Amino acid sequence: MSRKTFDRRAVLKATGGAATIGLLAGCSSNGGDNGGGGTETDDSGGGDTTTTTSGGSGDSDAINIGSVQPLSGGFAPWGQAHSAGLAFAVQEINADGGVLGGRNLNIVEANSESDPAEASSIFDRFAEQNDIVAATGPVSSDVGIRTSRTAQELGVPMIMHMAGSDETITPETLHSFRLGLLPAATTMQAQAQFVDDAGYQSVGAIVGDYAWGQSVKTGIEENFGIDVNVQVAPVGASDFSSYIRRMPQDVEMVVATGHPPGSLTITQQLYELGYEPEIITGPGLPPAVIRSALGENASRGFTHLHMSDVYTDEYAEVAQRFGEEVGSQFDTHTSYGYVTGKMIAQAIEDAGEANPEAVTEAIRAIEFDTLFPEPIQYSEYGELKNQVQLYSTFSLDAPSYYPDGNYSLQESFRTDPLPALPPEA
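Residues numbered from 1 in each chain as written. Predicted model: local features only at pLDDT ≥ 70, side-chain atom pairs only at ≥ 80, totals over all residues. Heavy atoms only, no water.

(A) Summary view of unusual backbone geometry. The phi dihedral of Glu113 is positive, around 55 degrees, even though this residue is not glycine. The exposure class of Glu113 is exposed, given its relative accessible area of 52%. Even without glycine at this site, Ser114 takes up a positive phi of about 60 degrees. As for its position among the elements, Ser114 is in the loop between strand E4 (105–111) and helix H3 (116–130). For Ser114, a relative accessible area of 19% gives the class buried. (Buried < 20%, exposed > 50% of the residue type's maximum accessible area, 1.4 Å probe, protein only. Helix = DSSP H or I, 4+ residues; strand = E, 2+ residues; numbered from the N terminus.)

Structure (structure tokens):
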């Protein structure tokens, strides 16, 4: 498959529907026609499944990767960007000769709608009907917790896009691996470093009342050296004014990391209510969504947390290729999908076979030099070890690698390498 036949529908998912904050409450799924781009729709398993025939239709020797993505609903912007990056990586891998001496990779994808039961069912179906060698995609922590258990039952590795709840990985889930987000406890350890470095004394937080939000709340309580005004809001909330008003008017930093679907609404409502914190830490939303939703306010202090080092020549080279061939700006979440695809390919090569158990062990033992600040390495339980988290604010200027862009990132802080979180029984 040539690089120019990349599935542009995936890119439209990643970039075309993120114009407003309202998108975070509900996005359409798999819109557009079904012609071209190397995709076909397979509804045989129940639910909306797209088979990305990256190896060419009818390639019986292709190795399948399962993509269990939230392509609609509150977490759709994450899933859409991750899907586009994964597809781009697979396209490049196949164009360069595939794996195991010439076998192509193929993606089978379905919309989980961020429903844990649906995601688990899709994962089961992909394992039983498509013989996937690995899976990826969960964003919501609730979905990550469920599919982590499913991965263990199936013996198929699951690489988490986000799903940062501390409960996602336990001593019993030996087929799950984090990638795009450190667990909540480690993320809050990193933000505590950030607070200490800045010398902030007045900090507030709004967290969602679900697994990730509660893990963030616990992480704040255990790691911050100051008292933090923590408010707990429903995960589906759209009006945060009452929670904001419980914070002091001179709050210096607001942690919105614990409420991913509401983080941008929280930011806008802070400004509407006359609050001017120096920093608002987000949950790692795709930056194109942040820029589109916040408009000019994107440059007022909203801080993007990310794992990919967007300040390297290697990142710029990949981003430029993506921009030239796809016509869209490569961002941190696109990069997580891209890194996932490349890492799975390397694990298959290291294993020497397309066997899920062998690929699981290859991922566990991997030292993969990629777009991250440090090579990707895992603890025995699938937690990232010795990895760095970056904090970036927004400029409204285009990056050098994509002149048509309407934002770029500016580094404000990066942590020291962080230890792997030991799982709790």
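(B) Highlighting the environment of Gly225. Examined against the element boundaries, Gly225 turns out to sit in the loop between helix H6 (211–223) and strand E9 (228–233). Separated by 33 residues in sequence, Gly225 and Ala192 have C-alpha atoms that sit 7.4 Å apart.

(C) Representation of the pattern of salt bridges. Taken as a whole, this structure holds nine salt bridges when the rule is applied. When the shortest N-O distance is used, the salt bridge between Asp61 and Arg103 registers 3.3 Å. Note that Asp61 is positioned in the loop between strand E2 (49–52) and strand E3 (63–69) and Arg103 in the loop between helix H2 (76–95) and E4, a separation of 42 residues in sequence. With a relative accessible area of 40%, Asp61 lands in the partly exposed category. Taking the shortest distance from any N to any O, the salt bridge between Glu92 and Arg321 comes out at 2.7 Å. Here Arg321 lies in helix H10 (residues 313–326) and Glu92 lies in helix H2, a separation of 229 residues in the sequence. (Salt bridge = Lys/Arg side-chain N within 4 Å of Asp/Glu carboxyl O.)

(D) Examining the packing of aromatic side chains more closely. One pass over the structure, following the stated rule, counts 14 aromatic pairs. Grouping aromatic residues by their ring pairs yields a cluster made of Phe88, Tyr315, Phe322, Phe330, Tyr338 and Tyr401. Over the ring of Tyr271 we find Arg300, and its NZ or CZ is 3.8 Å from the ring centre. (Phe/Tyr/Trp six-rings, centres within 6.5 Å; stacked < 30°, edge-to-face > 60°. Lys NZ or Arg CZ within 6 Å of the ring centre and 35° of its normal.)

(E) Spatial organisation of the sheet that holds strand E12 (residues 302–306). Pairing is mixed in the open sheet, where seven strands are placed in the order E9-E8-E10-E11-E12-E13-E14. A strand with exactly one partner marks an edge of an open sheet, and here the two such strands are E9 and strand E14 (408–414). On average, each strand axis in the sheet is tilted by 25 degrees relative to the strand beside it, whichever way the strands run. Helix H11 (residues 332–351) contacts E12 and E14 of the sheet and is inclined by roughly 5 degrees relative to E12. (Pairing = 2+ DSSP bridges. Axes fitted to C-alpha atoms, helices over the stretch in contact; angles between N-to-C directions. Contact = heavy atoms within 4.5 Å.)

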